[in-house]
Amino acid sequence: MTGTTPTHCPYCALQCGMTLTRDAVVAPRDDVPANRGGLCQKGWSAAELLTVPDRLTTPLVRRARGGPLEPCTWDEALDMVAARLRALAAAHGPDAVAVFGGGGLTNEKAYQLGKFARIALRTSQIDYNGRFCMSSAAAASNRAFGMDRGLPGPITDVAAADVLLLAGGNVAETMPPFMRHVARLKEAGGALVVIDPRRTPTARQADLHLQPTPGTDLALANGLLHLAMTEGMLDKDYIAERTTGFDAVRTVVNGYWPERVERITGVPVAHMREAVRMLAAGRRSLILTARGAEQHAQGVDTVSAFINLALALGLPGTEGSGYGCVTGQGNGQGGREHGQKADQLPGYRRIDDPAARAHVAGVWGVDPADLPGPGRSAYELLSALGTADGPRAMLLFGSNPVVSAPRASAVEERLDALDLLVVADFVPSETVRRADVVLPTAQWAEESGTMTNLEGRVLRRRQAVPRPDGVRTDLEILAGLAERLGAPGAWSTDPAAVFDELRAASAGGVADYAGITYRRIEDEGGVFWPCPSEDHPGTPRPFLDRFPTPDGRARFVPVEHRGPAEEVDAEYPVYLTTGRVLAQYQSGAQTRRVPELVKASPEPFVELHPDLAERAGIAEGDLVAVRSRRGEAVGRARLSDAIRADTIFMPFHWGGRGRANSLTGTALDPTSRMPEFKVCAASISPAD
Ligand SMILES: Nc1nc2c(c(=O)[nH]1)N[C@H]1C(S)=C(S)[C@@H](COP(=O)(O)OP(=O)(O)OC[C@H]3O[C@@H](n4cnc5c(=O)[nH]c(N)nc54)[C@H](O)[C@@H]3O)O[C@H]1N2
Ligand SMILES: Nc1nc2c(c(=O)[nH]1)N[C@H]1C(S)=C(S)[C@@H](COP(=O)(O)OP(=O)(O)OC[C@H]3O[C@@H](n4cnc5c(=O)[nH]c(N)nc54)[C@H](O)[C@@H]3O)O[C@H]1N2
Ligand code: SF4
Ligand SMILES: [Mo]
């Protein structure tokens, strides 16, 4: 810790570079390509997190069911947790204990958490909130390219593109400095095309805005490909040389003629035609998806439809062009590579692959036969808690599902049905308040580790300030429990040592970090994976020569539009979609504690079209009751003609009465198990 420490923002996947003084003064860095001198309001006010008045600084335990959470010592808390976990596993088997992680955890923590589940608890029941975030794009990328790595190249490629098509992303609010790259693209004569049911701050800056009904992007992407076919815009040489499976896609896409797609999506044919012409005219084009297109029960197929379009136009694997997804959480990328996912081992290995098991078991010093198999996905895990054949205890690091999980009231019931809920956090979130044991952790600027940003660039987060007395790091907590459980393997509390072990565990995997060292990250301003050895330069653009599939070609996947799992009807006549606002982050556990952000975005709201509002007897500023088949939520009406008249929007950053996830449905994508956060059927009325 010197006077001023160069580090990165505690929030989103852009991982803007910032410096922090020992007195916690934040300033943007200009040596980090993602933000070069810019920060959003959350970044500027990030130091406030270090001094929130209700910071957790002592372990808490609930000694009697229904009783209060009371302070205790670390030994009492960890001894108690270890003893109860042992007893539950002895009585019901190791799968009686579950682990839930987060995409905000550093690579070191995510790795250690996955290892802790597999060899300290020997449970298969681990998953994480990235399932709610990146899983659809990840699955579609894997099946097309054999690899899932956020953007196809450095973020500076955006400025050099001729066209950027952004499907379901509102980066002007969710990653404001991203718009600097878009501004450069526009200055150089490039164009931005946005697909969003709302005319968002991002869409307002677009050259073309397509405004579909929620849940219809797949049909729209197929329709765009249909037009590219009929207008002779396909890159036939590329399709022949670098891909397989186009014929099956052509057959399916024949059925998506423009007028039919207009009927499904509500997007005029002329707009579709213009979008395709812009894409095909560009020499370098980027197609990016974000949660608006992905958080659907057919999210994987929707992303496949956009990848098919990109492949047919010859974009992926061409410098400056391609398909990518805009990763969300701070370590949304690295957090999905090193084993906190139910079906995964470090290095993006599959847990059901015998060679992967042998390699990782070797690094951990255990018998491969002792590693558990794949477990339940996040929502399935949450909904199994406390049921007859589900887990009876859960350890949770880095998520606040009481606010952020779909059908959250049912999740609350499941959490309350557990024999033991242990939550590690630094603030008393809605989920912390339901815990039996609370473990206060260090945060962000009080510890160090690595994060992998949306580009696939591994960065160093450095400790800038001392941590408060009484708190421990997540690595220390895991080491303390592993010791008490008599776990095999090494449980270092030093992030650098854990990273070295992660490097060995990832070696030879798809996400190969073997050649990345803390020193190199510092000297080179981050290193792109895969990086198999210390003399390897890292891989900013992974697909230039070949795709990491067995035959080196990218795979087209034919996909059909099925529509949302829940359609509107007479009782629930409007589509509800959910998402984010600039000044709040996720479940709000952090940002609702920062006064400046609360001032900017004080309360839940319902965005709706004036025509819809008039029909429902609702005026600007009224409290609106929104109902769905799952429950009710209340927010203040914000009338805006920027949203479709058949759709309402609620941000999901609040708990209590304003909780959007009291409404959301539980349909899951069959492949990614992503919940359908972005569309369900709802009704509105003035609230009493
Ligand atoms: N301020 C802020 N920034 C954040 C976060 C935050 O909570 N707050 N979270 C971070 C994380 S984890 C993530 S995942 C990213 C998310 O970043 P984004 O994906 O940009 O954010 P969202 O607001 O969830 O959704 C984007 C847009 O999808 C639109 N949408 C809704 N339904 C549909 C649909 O059916 N089709 C299409 N095409 N669009 C639709 C919404 O209107 C919304 O404008 O943001 C990251 N950055
Ligand atoms: N309706 C609706 N619901 C959604 C979404 C949506 O668009 N609509 N988006 C989904 C998406 S994309 C996401 S990513 C999820 C996010 O939702 P959550 O998983 O709830 O994420 P956060 O609110 O970031 O919660 C992180 C918690 O962990 C704590 N924390 C942060 N860092 C650390 C750490 O290093 N260690 C420990 N122990 N704790 C830490 C924070 O204080 C906070 O309490 O929400 C999903 N839910
Ligand atoms: S855009 Fe993301 S990383 Fe950058 S300052 Fe804002 S929250 Fe932090
Ligand atoms: Mo996310």
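Residues numbered from 1 in each chain as written. Chains lettered and ligands numbered in written order. Predicted model: local features only at pLDDT ≥ 70, side-chain atom pairs only at ≥ 80, totals over all residues. Heavy atoms only, no water.

The name an unreviewed UniProt entry assigns to the protein is Molybdopterin oxidoreductase family protein, from the organism Actinomadura fibrosa.

Some details on the sheet that holds strand 20 (residues 457-461)
For clarity, the cut-off: Strand pairing follows a simple DSSP-based rule, namely that at least 2 bridges must link the two strands. A run of H or I in DSSP becomes a helix once it reaches four residues, and a run of E becomes a strand once it reaches two; helices and strands are each numbered from the N terminus.
The strand order across the open sheet built from three strands is 19-20-21, with neighbouring strands paired in antiparallel fashion. Single-partner strands in this sheet number two, and they are strand 19 (449-452) and strand 21 (527-528).

Thoughts on the sheet that holds strand 3 (residues 26-28)
Going by this rule: Axes here mean lines fitted to C-alpha atoms, for a helix over just the part in contact, with angles spanning 0 to 180 degrees between N-to-C directions.
Reading across from one edge, 1-2-3 is the order of the three strands in this open sheet, with antiparallel pairing throughout. The sheet is open, and its two borders are formed by strand 1 (4-8) and strand 3, each paired with just one other strand. Direction aside, neighbouring strands of the sheet carry axes that sit 30 degrees apart on average. Looking at chain direction, strand 1 and strand 2 (residues 17-21) are connected through five bridges and run antiparallel. Each bridged residue has a counterpart across the sheet, and for Thr7 the counterpart in strand 2 is Met18.

Here we look at helix 3 (residues 107-121)
Formally: By this rule the span expected of a helix is its residue count minus one, scaled by 1.5 Å. One axis is fitted to the seven residues ending at the residue and one to the seven starting there. The bend at that residue is the angle between these axes.
Here helix 3 contains 15 residues, and its C-alpha end-to-end distance of 20 Å stays within 8% of the 21 Å for a straight helix at 1.5 Å per residue. Along helix 3, the largest kink reaches about 25 degrees and is centred on Lys115. Phi for Arg122, located one or two positions after helix 3, is positive at around 55 degrees.

Some points on the site of ligand 1
Worth spelling out the cut-off: Residues are labelled near a given molecule or strand when at least one of their non-hydrogen atoms is within 4 Å of it. In protein, a polar contact means a hydrogen-donor-capable atom and an acceptor-capable atom, both N or O and within 3.5 Å, with residues adjacent in sequence counting only if both atoms are side-chain atoms; elsewhere, any N or O pair within 3.5 Å suffices. To be clear on the numbers: accessible area is Shrake-Rupley with a 1.4 Å probe, and residue cover counts the displayed protein chains and nothing else. The residue classification treats Ala, Val, Leu, Ile, Met, Phe, Trp, Tyr, Cys and Pro as nonpolar and Asp, Glu, Lys and Arg as charged. All others, Gly included, are polar. As annotated, the domain borders come from an automatic or database domain assignment.
Near ligand 1 you find 32 residues, and of these Asp196, Asp217, Arg580, Gln584 and Gln586 are the closest. At 3.4 Å from a nitrogen atom of ligand 1 is found a main-chain nitrogen or oxygen belonging to Gly168. Between ligand 1 and Thr174 there is a distance of 2.8 Å, counted from a nitrogen atom to a backbone nitrogen or oxygen. When ligand 1 sits alone it has 910 Å² of accessible area, and the protein chains cover 99% of it. Looking at the shell around ligand 1 residue by residue, the classes come out as nine nonpolar, 15 polar and eight charged. Counting contributing residues, the shell around ligand 1 receives three or more from each of domain 3 (135-326) and domain 4 (574-686).

Overview of the pattern of salt bridges
So the rule is basically this: Whenever Lys or Arg places a side-chain nitrogen within 4 Å of a carboxyl oxygen from Asp or Glu, that contact is recorded as a salt bridge. With a 1.4 Å probe rolled over the protein chains alone, any residue whose accessible area is under 20% of its type maximum counts as buried; one over 50% counts as exposed, and the rest are partly exposed.
Tallying each qualifying case throughout the model produces 46 salt bridges. A salt bridge links Arg122 to Asp370, with the nearest nitrogen and oxygen atoms 3.5 Å apart. Within this pair, whereas Arg122 is found in the loop between helix 3 and strand 7 (126-128), its partner Asp370 is found in the loop between helix 15 (354-364) and helix 16 (378-384), the two being separated by 248 residues in sequence. Judged by its relative accessible area of 43%, Arg122 is partly exposed. What makes Asp370 partly exposed here is its relative accessible area of 35%. Via salt bridges that share partners, Arg460, Arg462, Arg519, Glu522 and Asp523 belong to a single interconnected network.

Here's the deal with the site of ligand 2
Near ligand 2 lie 29 residues; those nearest to it are Asn129, Ser399, Ser404, Asp425 and Ser587. A distance of 3.2 Å separates an oxygen atom of ligand 2 from a polar atom in the side chain of Gln295. Asp474 places a polar side-chain atom, nitrogen or oxygen, 2.8 Å from a nitrogen atom of ligand 2. The protein chains hide 96% of the 930 Å² of surface that ligand 2 would expose on its own. Residues that form the shell around ligand 2 fall into these classes: nine nonpolar, 15 polar and five charged. If you count residues domain by domain, the shell around ligand 2 takes at least three from each of domain 2 (60-132 + 341-454 + 461-494) and domain 4 (574-686).

Some points on the packing of aromatic side chains
Just so we agree on the cut-off: In this analysis, rings of Phe, Tyr and Trp, with Trp reduced to its six-membered ring, are considered paired at centre separations within 6.5 Å, and the interplanar angle assigns stacked below 30 degrees, edge-to-face beyond 60, and tilted for intermediate values.
Enumeration according to the criterion identifies 12 aromatic pairs in this entry. Summarising the aromatic geometry, the rings of Phe605 and Phe649 are spaced 6.5 Å apart at their centres and angled 50 degrees between planes, so their arrangement reads as tilted. Of this pair, Phe605 sits in strand 24 (residues 605-608) while Phe649 is found in strand 27 (residues 647-651), placing the two residues 44 residues apart along the sequence. The same class applies to Phe605 and to Phe649, which are both buried. Pairwise contacts between aromatic rings join Phe145, Tyr323, Phe543 and Phe547 into one cluster.

Some words on the side chain of His209
Filter applied, for reference: Contact criterion: two residues are considered in contact whenever any of their non-hydrogen atoms come within 4.5 Å of each other.
For His209, the position within the fold is in strand 10 (residues 208-210). Classification of His209 by relative accessible area gives buried; the value is 15%. Here Arg198 takes part through its backbone oxygen, which lies 3.4 Å from a polar atom of the side chain of His209. In this structure, His209 is in contact with Val194, Asp196, Arg198, Arg199, Ala203 and His271, ignoring residues within four places of it in sequence.

A few points about the side chain of Thr243
Among the structural elements, Thr243 can be located in strand 11 (residues 243-244). According to the relative accessible area criterion, Thr243 is buried, its value standing at 4%. Within the structure, the side chain of Thr243 is placed 2.6 Å from the backbone oxygen of Ile239, a separation counted as a polar contact. If we skip the residues at most four places from it in the chain, Thr243 touches Tyr238, Leu311, Arg553, Ala554 and Phe556.

Quick look at unusual backbone geometry
Residues Trp529 and Pro530 are joined by a peptide bond in cis, for which omega reads -5 degrees. Among the structural elements, Pro530 can be located in the loop between strand 21 and strand 22 (554-555). Non-glycine residue Tyr348 carries a positive phi angle of around 60 degrees. Structurally, Tyr348 is set in the loop between strand 14 (344-345) and strand 15 (349-350). The exposure class assigned to Tyr348 is buried, which follows from its relative accessible area of 15%.

Details of the domain arrangement of the protein
Applicable threshold: The term buried area means the drop in 1.4 Å probe accessible area that two parts suffer when joined, counted for both and summed.
Taken domain by domain, the protein consists of domain 1 (4-51), domain 2 (60-132 + 341-454 + 461-494), domain 3 (135-326) and domain 4 (574-686). Computed from C-alpha coordinates alone, the two centres of domain 1 and domain 3 are separated by 31 Å. Between domain 1 and domain 3, the residue contacts involve 13 residues of the former and 10 residues of the latter. Roughly 740 Å² of surface becomes buried between domain 1 and domain 3 when both sides are summed, with 70% attributable to carbon and sulfur atoms.

Some details on the packing of helix 2 (residues 74-92) against helix 19 (residues 474-484)
A pair of packed helices is captured by two measures, namely the crossing angle of their axes and the spacing between those axes. Selection rule: The labels follow the angle: roughly parallel below 35 degrees, roughly antiparallel above 145, roughly perpendicular from 65 to 115, and oblique for the rest. In this scheme the crossing of two helices becomes right-handed for a clockwise turn of the near helix relative to the far one and left-handed for an anticlockwise turn of less than a right angle.
Running from N to C, helix 2 and helix 19 cross one another at 55 degrees; their axes reach a closest spacing of 9 Å. Regarding the angle of helix 2 to helix 19, the classification is oblique. For helix 2 against helix 19, the interelement crossing comes out right-handed. Between helix 2, through Trp74, Asp75, Leu78, Asp79, Val81, Ala82 and Arg86, and helix 19, the contact on the second element is made entirely by Ile477, Gly480, Leu481 and Arg484. Of the residues that constitute the contact of helix 2 with helix 19, the class distribution is six nonpolar, one polar and four charged.

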